[in-house]
Structure formats: structure tokens, C-alpha cells
Amino acid sequence: MRLLLIRHGETALNAARILQPPDTPLSERGLAQAAALARRLAGEPIAALWSSDLPRAWQTAVAIASGRAIRAEPLLQERNFGDWRGQPYDSLAFDPLAALEAPPGGESAQAFDERIARAWAQAEAAAAELPGALALVTHGLVIRRLFETGIVRLEAAPLPARIGNTSLTVVEGRPLRASLVDCTAHLDAARADDPQALSGG
């Protein structure tokens, strides 16, 4: 069993460290990152491709689809930050990514964790029946919380401080373990993940 966890490419609001509205698309740099990831995955036996239906994830999935059908999966969406969306992260007097309460019009940390647990249970069941890998295109906080809640276990290395744009995490075996975490080796200097960009939100 093999699952590929993929974070979407960069957006202009990632780079500007702004909590993103749901309709945020990839930037030109993000599209170039997605194309680089597609080249990396060209030889990967991907049997199914699921994606968050938010544009930044969906555009990334289209780049790597290579004619495959894409299943839109709302359970893979980023946490809904409600009325906090559109706010500069660094202007807030608290860390919205770590907030437990639900923002006005948004989603609590508990509701978010329960949602991604459901997404992972469905993905794991599907992957067990596939002849190749199941690729999941999603968001930074989704990937981070899969590890932080213990739903997905790290093989050895610690969880990185941030999840990079178009990073690849490979979860495989029985029991499932992450054999590769947050890898952006497919990005050259011109497309490299910006370490100052917001990873989540």
C-alpha cells in the first residue's frame, strides 16, 4: 500500500503570508512548481488521484494528472479560517494556525482534525484496493495534522518546521509509515520553496 501526500504549489498569498480565501489560485511560481512535481512523478505508478477542491490544490492536481481522472474530495480542504481569511498572519496578535476555537464563520481545531481523520480513513481503505499509489493533493495544515495527531507515523526523522509547497510525502507499507517527508528535491533554485511563505491557512 502506498499513498502520496502532496501539498499544493505556491500562491501569491502564501508568499505574502496572508490567510487565504478559498478561491486563491496558484501563482506563476506555483504553476512552475507543480510542473516540476509532475515531471518527478511521471514514472510513479499512480492508480488514483484525489484532490482538495480548492483551486490551489486542484490546479496542482491537474498538473500531475497526465490524463488521469481526479476525484474532488472536500474532506481534504485546508482548515476553514472563516472571517480571519484575508488577514496578514503577522499582523495578528495570536497564531491563527494553532488556535483551538472556531473563527467566526470557520472551523474549530477539533472539527478540522475529525474531518481529516475521516479523509484519511477513506484514503487508506481505497489505497488497500489499488494496484498502485493513491495520490492526495491537499494543504499544509492537513499534512501537518496527520502527523501531529498520530494518524500517520514518522519513520525516524522529526516533523519539519513547515510543509513546503509541492512537497512530497510518501506513506507506505503495513503498518503504514512515512518513508519520505516533505521532499522538494524536484524544485530547482528558480522554483525553490520559499521558507518564509506561510505553510497553512
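Reference entry: report on the structure contained in this document. (Residues numbered from 1 in each chain as written. Predicted model: local features only at pLDDT ≥ 70, side-chain atom pairs only at ≥ 80, totals over all residues. Heavy atoms only, no water.)

So, on to the overall build of the protein. Across its full length, the protein carries five helices and six strands. Listing the helices and strands of the protein from first to last along the sequence gives β-α-α-β-α-β-α-β-α-β-β. Against the globule reference of 17 Å for 201 residues, the protein gives a C-alpha radius of gyration of 16 Å, in line with a compact fold. Projected onto its principal axes, the C-alpha positions of the protein cover 45 × 35 × 30 Å. Taking all 201 residues of the protein together, 49% fall into the buried category. Taking contacts inside the protein between residues at least 6 apart in sequence as the whole, the part at least 24 apart equals 69%. In the structure as shown, the protein presents an accessible area of about 8600 Å², 54% of it carried by carbon and sulfur atoms. (Helix = DSSP H or I, 4+ residues; strand = E, 2+ residues; numbered from the N terminus. Rg over C-alpha atoms; globule rule 2.2 N^0.38 Å. Buried < 20%, exposed > 50% of the residue type's maximum accessible area, 1.4 Å probe, protein only. Contact = heavy atoms within 4.5 Å. Areas by Shrake-Rupley, 256 points an atom, 1.4 Å probe, with all protein chains shown as cover.)

Most of strand E4 (residues 133-138) is tucked away, with six of its six residues classed as buried. The sheet contact formed by strand E1 (residues 2-7) and E4 spans five bridges and is parallel. Along E4, the bridge assignment pairs leucine 5 with leucine 136. Across five bridges, the pairing between strand E2 (residues 46-51) and E4 is parallel. Counterpart to serine 51 in the pairing with E4 is valine 137. (Pairing = 2+ DSSP bridges.)

Moving on to the side chain of serine 27. Assignment of secondary structure puts serine 27 in the loop between helix H1 (12-16) and helix H2 (28-40). A relative accessible area of 16% places serine 27 in the buried class. What serine 27 contacts, discounting residues up to four positions off in sequence, is Glu10, Thr11 and Ala12.

Of note, aspartate 113 is situated in helix H4 (residues 109-127). The exposure class of aspartate 113 is buried, given its relative accessible area of 18%. Here the alpha-carbon distance between aspartate 113 and valine 142, two residues 29 residues apart in the chain, equals 8.4 Å.

Right, let's get into the sheet that holds E4. The sheet built from six strands is open, its strands ordered E3-E2-E4-E1-E5-E6 with mixed pairing. Strands with a single pairing partner mark the edges of an open sheet, and in this sheet they are strand E3 (70-72) and strand E6 (177-183). In this sheet, adjacent strand axes meet at a mean angle of 20° when their direction is disregarded. As paired strands, strand E5 (residues 168-172) and E6 are joined by four bridges and run antiparallel to one another. Bridging across to E6, valine 171 finds its partner in alanine 178. Across the sheet, helix H5 (residues 140-148) is in contact with E1, E4, E5 and E6; its angle to E1 comes to roughly 135°. (Axes fitted to C-alpha atoms, helices over the stretch in contact; angles between N-to-C directions.)

Another aspect to go through is the packing of H4 against H5. Following both chains from N to C, one finds H4 and H5 inclined at 85°, their axes separated by 10 Å at the closest point. Judged on the interaxial angle alone, H5 and H4 are roughly perpendicular. Listed contacts from H5 to Phe112, Asp113, Ile116 and Trp120 of H4 are Leu141, Val142, Arg145 and Leu146. The residue inventory of the contact of H4 with H5, partitioned by class, reads six nonpolar, no polar and two charged. (Parallel < 35°, antiparallel > 145°, perpendicular 65-115°, else oblique. Nonpolar A, V, L, I, M, F, W, Y, C, P; charged D, E, K, R; others polar.)

Quick look at the environment of valine 142 now. Topologically, valine 142 is positioned in helix H5. Apart from residues no more than four positions distant in its own chain, valine 142 is found in contact with Leu76, Gln77, Glu78, Phe112 and Ile116.

To continue, consider unusual backbone geometry. Generally, phi is negative for residues other than glycine and the peptide bonds are trans, each holding for most cases. Cis geometry is adopted by the peptide bond preceding proline 175, which originates at arginine 174 and carries an omega value of 0°. At threonine 166, a position not held by glycine, the phi torsion is positive, near 55°. A relative accessible area of 0% means that threonine 166 is categorised as buried. One non-glycine residue with positive phi stands out, namely aspartate 182, at about 55°. Mapping aspartate 182 onto the fold places it in strand E6. Judged by relative accessible area, aspartate 182 falls into the buried class, the value being 18%.

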